Structures are given as C-alpha cells and as structure tokens.
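Summary of structural features
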Amino acid sequence: AGRGIKSLALAAGGAQVTALDLSDVKLAAAQNLLATAGLSLQTVVADAARPLPVPADHYAAVLVDAPCTALGTVRRRPEVRLRRQAADLQRMAQLQQQMLRHAAICVRPGGQLVYAVCSFAQEEGPDVIADFLRQHPQFHREPLPAWLAGVVTADGDLASHPLWHGADAFYAANLRRRPLGT
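Computed from a predicted structure; not experimentally measured. (Residues numbered from 1 in each chain as written. Predicted model: local features only at pLDDT ≥ 70, side-chain atom pairs only at ≥ 80, totals over all residues. Heavy atoms only, no water.)

1. Thoughts on unusual backbone geometry
Worth spelling out the cut-off: Partly exposed describes any residue whose relative accessible area lies between the buried limit of under 20% and the exposed limit of over 50%, with all areas from a 1.4 Å probe on protein chains only and scaled to the type maximum.
Not every positive phi belongs to a glycine, and D57 is a case in point at roughly 55°. A residue is classified by how much of its surface remains accessible, and D57, at 37% relative accessible area, is partly exposed.

2. Description of the environment of D65
Filter applied, for reference: Counting from the N terminus, the helices are the DSSP runs of H or I reaching at least four residues and the strands are the DSSP runs of E reaching at least two. Contact between two residues is taken to exist if any of their heavy atoms lie within 4.5 Å; hydrogens are not considered. Definition of a polar contact: a pair of N or O atoms within 3.5 Å, with one able to donate and the other able to accept a hydrogen when the atoms are protein atoms, and with sequence-neighbouring residues admitted only if both atoms are side-chain atoms.
By the element assignment, D65 lies in strand β3 (residues 59-65). Given a relative accessible area of 39%, D65 falls into the partly exposed group. The spatial distance from the C-alpha of D65 to the C-alpha of V117 is 6.2 Å, given a sequence separation of 52 residues. Every residue in contact with D65, bar those within four places of it in the chain, is listed here: K6 and A116. A polar contact is formed between the side chain of D65 and the side chain of K6, at a distance of 2.9 Å.

3. Quick notes on the nonpolar core
What counts here: Here, nonpolar core means buried Ala, Val, Leu, Ile, Met, Phe, Trp, Tyr and Cys residues that are tied together by side-chain atoms lying within 4.5 Å of each other.
In this structure, V64, L113 and Y115 are the most contacted members of the largest nonpolar core, which totals 28 residues. Those elements that provide at least two residues to this core are β3, α4 (86-105), β4 (107-117), α5 (126-135) and β7 (171-177). In terms of residue count, the dominant contributor to this core is α4 (5 residues). Setting aside its immediate chain neighbours within four residues, V64 contacts M99, L100, A103, L113, V114, Y115 and A116.

4. Some remarks on the pattern of salt bridges
Under the convention used in this document: Here a salt bridge means any side-chain nitrogen of Lys or Arg lying within 4 Å of a carboxyl oxygen belonging to Asp or Glu.
Using the criterion set out here, one finds 8 salt bridges in the structure. Where D57 meets R177, a salt bridge forms, and the shortest distance between an N and an O atom there is 2.5 Å. Placement of D57 in the loop between β2 (42-45) and β3 and of R177 in strand β7 is noted, with a sequence separation of 120 residues between them. A salt bridge links D131 to R134, with the shortest nitrogen-to-oxygen separation between them at 3.7 Å.

5. Considerations on the side chain of R177
A relative accessible area of 14% places R177 in the buried class. A polar contact is formed between the side chain of R177 and the backbone oxygen of V107, at a distance of 2.5 Å. If sequence neighbours within four positions are ignored, R177 has contacts with D57, A104, I105, V107, R108, P109, G110, G111, Q138 and F139.

6. Thoughts on the environment of L10
As for its position among the elements, L10 is in helix α1 (residues 5-12). For L10, a relative accessible area of 41% translates into the label partly exposed. In this view, L10 contacts A15, V17 and L63; residues no more than four positions away in its chain are not counted.

7. Observations regarding the pairing of strand β1 (residues 18-21)
Applicable threshold: Two strands pair under a simple rule: DSSP has to find at least two bridges between them. Whether a crossover is right-handed comes down to one check: with the strands pointing away from the viewer, does the path from the first strand over the helix to the second run clockwise; if it does, it is right-handed.
Side-chain alternation along β1 places A19 and D21 on a buried face and T18 and L20 on a face that remains uncovered. Bridging between β1 and β2 involves 4 bridges; their strand directions are parallel. Bridging across to β2, A19 finds its partner in T43. Handedness of the crossover joining β1 and β2 through helix α2 (residues 24-36): right-handed.

Okay, here's the thing in structure tokens:
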C-alpha cells in the first residue's frame, strides 16, 4: 500500500479499501492521508509474499502494486539505473510472482485482480502474467477500457513507455477470476 496515494484514489472513487503493507509506518501515513481527505481505510500489516491473513475468496477486487526494479522511472530518476543489477530482475520477478499468487487467493469468483509495476522489463510484466495465467487457469485477461487503446499491448495489457508516451514506463494486467462452474 505504501503511503496511500493509490488507496486515496480508490477510496475517493467510492471503494472500501483494505491496504496491506509490511510497514506499519507506511500504513499510518496512508491512514493520515486519507483522513485529511475525509476518507478512511482498513489496514493490514503483512508480507504479501507469504500467505495473507485475510479470508480466501473475500474481495471483489485486489490491486497488486508490486515492488519492482523501478526501471520505468529512470527518465525522472536517473539514479535508479545505478542501483540496479541484472540479478535484480529475476529476484523481483520471483517476489512479484509470490505476491500475485497469494493475492489471487483473496479474489472471489467473478472478481478482479490487477497487477501493476513501474517497469518496462519483460521479466517484471508480461513474463510474470504469462507464468501466473499458466498456473491459474481460473483467471483470464479482462479487456481494458477503450479510452486506454493507445497504451494497450497485443495481449491486452497496459504498457506505457517514455519513448512512445512521454511518461514513465508502467505495466499493468487486468485479470478476472472465472465465476464458479465456468
């Protein structure tokens, strides 16, 4: 959940938000941010790379805003490339796969699972989703809204890039869990 920027956006849109993070300090900052906007959220201190302390099949929608190499922010933050090594891609991809796998358990049948990273690396985006979908046939890609057409890949995922879009590089996949019996 970090410090709550995405939680604020979701809550402002009417969602009931449960924010999960390893850091109780970050979650307190998220609660304070939402409180200043007259909004609230529930918080859970936990490691998303491990089984989660929330009920299975509980949430209609889950956002996995996964930690990543942040290679997509190099345009704004050039120091990122100095802190990264080739091994970081594989290490982060493994962490992202674990988080996605545990988050998926919390999504109710018919629910939505969104995976996002600020990276343009194949290993952290398309490869993570391809691996996840191979191992979790109860999920499939859900089409993105038409207004995103300029940043939608051939697979139907979102991918922005500084060279093409004048913004940071982001990757996101919008997945849907199949309803029971389908």
